[in-house]
Amino acid sequence: MYFENTRLVNIWKATAEILNGKFSMPFQWYNGGSSEGGLFLFCIDINYRNVEIKIEAGILELPLRKDEYTGCIITISALKNSVERIELSIWRKDFLDRIFKIGNTKTGYKDFDKIIGLKASRNIGRNLPKLFENRQLREEFMNDRYRVFNISTSDNVITIRRKSNLFMENSKMIQSEYENFCIFIDSLIDSTIL
């Protein structure tokens, strides 16, 4: 396939090798007003502490064919089977959140609770102080303006998703996103939420 030597494919292959993951790029045809074209789903599958992690990005075929990509936006997801249903949304509070006291679930870390909004299911509320006891993790959330986290359960599978709005231009950037995501996964496992 002539896509194999494009700059973006090489970045993803190198990242998969560094992270000991498996790279794939399944193709989906679509009709977006053009008779040809489609979308690749770039994916790196990694097993981390018995949790299935996927680093993904949707890549349009035509710009990939012409090697026009210099980077992409990624989503990192983790999947774990569970009979327990958990929900957790994490976001940076804004003016309206403070006025209407939205996201007032507390962790016990005042600086963190002032900046970060949380909405958690009742069954994990007691575990939140343990989840955020890692200072590095709290500081990452407090200093971050480009990522959103969400944890949800559907069909006995817990999905942890981190959407980044940063443009990933090289393997080191993707690797850094993955390593920061793993700090959160470690905290979820250590606090017995996951």
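Placed above this text is the structure.
Residues numbered from 1 in each chain as written. Predicted model: local features only at pLDDT ≥ 70, side-chain atom pairs only at ≥ 80, totals over all residues. Heavy atoms only, no water.

A.B. asks: Quick question: what am I supposed to make of the overall build of the protein chain here?
C.D. replies: Per the secondary structure count, the protein chain includes 8 helices and 9 strands. Viewed in the frame of its principal axes, the protein chain has a C-alpha envelope of about 55 × 35 × 30 Å. Looking at the 194 residues of the protein chain, the share that counts as buried comes to 43%. A fraction of 59% describes how many contacts in the protein chain between residues 6 or more apart in sequence connect residues 24 or more apart. When the accessible area of the protein chain is evaluated, it comes to approximately 10,900 Å², of which 50% is carbon and sulfur surface. Within the protein chain, one finds 28 positive and 25 negative side-chain charges whose respective centroids are separated by 7 Å. (Helix = DSSP H or I, 4+ residues; strand = E, 2+ residues; numbered from the N terminus. Buried < 20%, exposed > 50% of the residue type's maximum accessible area, 1.4 Å probe, protein only. Contact = heavy atoms within 4.5 Å. Areas by Shrake-Rupley, 256 points an atom, 1.4 Å probe, with all protein chains shown as cover. Lys, Arg positive; Asp, Glu negative; His and termini not counted. Charge placed at Lys NZ, Arg CZ, Asp CG, Glu CD.)

A.B. asks: Quick question: what am I supposed to make of the environment of Thr15 here?
C.D. replies: When you line up the elements, Thr15 lands in helix α1 (residues 7-18). Owing to a relative accessible area of 0%, Thr15 belongs among the buried residues under this scheme. Spatially, the C-alpha atoms of Thr15 and Ile44 are 8.3 Å apart, while their sequence positions differ by 29 residues. Setting aside its immediate chain neighbours within four residues, Thr15 contacts Ile44, Ser171 and Ile174.

A.B. asks: How do you make sense of the packing of helix α7 (residues 135-143) against helix α8 (residues 171-190) when you look at a structure like this?
C.D. replies: If you want to describe how two helices pack, look at the angle between their axes and the distance between the axes. Where α7 meets α8, the axes come as close as 10 Å, and the angle between the chain directions of the two elements is 125°. The angle between α7 and α8 falls in the class oblique. The two elements α7 and α8 meet at a crossing, and its hand is left-handed. The segment α7 lies against α8, with Gln136, Leu137, Glu140 and Phe141 engaging Asn180, Ile183, Phe184 and Ser187. Of the residues that constitute the contact of α7 with α8, the class distribution is 4 nonpolar, 3 polar and 1 charged. (Axes fitted to C-alpha atoms, helices over the stretch in contact; angles between N-to-C directions. Parallel < 35°, antiparallel > 145°, perpendicular 65-115°, else oblique. Left-handed = near helix turned anticlockwise from the far one by under 90°. Nonpolar A, V, L, I, M, F, W, Y, C, P; charged D, E, K, R; others polar.)

A.B. asks: It is not clear to me how the nonpolar core should be interpreted in this structure. Could you clarify?
C.D. replies: Across soluble globular proteins, you tend to see nonpolar side chains buried next to one another. Judged by nonpolar contacts, the single largest core of 53 residues is most densely connected at Trp12, Phe42, Ile55, Leu64, Phe132, Ile160 and Phe184. Element by element, the count of residues in this core is highest for α8, at 9 residues. With near-sequence residues (within four places) excluded, Leu64 lies in contact with Phe3, Thr6, Leu8, Val9, Met25, Phe40, Phe42, Ile59 and Tyr69. (Core = buried A, V, L, I, M, F, W, Y, C linked by side-chain atoms within 4.5 Å.)

A.B. asks: Honestly, the pairing of strand β4 (residues 51-60) in this entry has me stumped. Any pointers?
C.D. replies: Put simply, side chains in a regular strand alternate between the two faces of the sheet. Of the strand pairs in this sheet, strand β3 (residues 38-48) and β4 are connected by 10 bridges, and their pairing is antiparallel. Looking at β4, one finds that Asp45 is bridged to Lys54. The antiparallel hairpin formed by β3 and β4 contains 2 residues in its connecting segment, where Arg49 sits at a positive phi of about 50°. (Pairing = 2+ DSSP bridges.)

A.B. asks: What's the story with the pattern of salt bridges in this structure? I'm lost.
C.D. replies: Where charged atoms from two side chains of opposite charge come close, those side chains can pair. Tallied over the full model, the rule gives 13 salt bridges. Between Glu87 and Arg85 there is a salt bridge; the shortest N-O distance is 3.6 Å. Given the relative accessible area of 27%, Glu87 is considered partly exposed. Exposure remark for Arg85: the relative accessible area of 53% places this residue in the exposed category. Close ionic contact of Arg147 with Glu177 constitutes a salt bridge, the shortest N to O distance being 2.5 Å. Taken together, the residues Arg147 in strand β8 (residues 147-154) and Glu177 in helix α8 connect sequence positions 30 residues apart. When sorted by exposure, Arg147 lands in the same class as Glu177, which is buried. By sharing partners, the salt bridges in this structure join Glu140, Asp144, Arg147, Arg162 and Glu177 into a single network. (Salt bridge = Lys/Arg side-chain N within 4 Å of Asp/Glu carboxyl O.)

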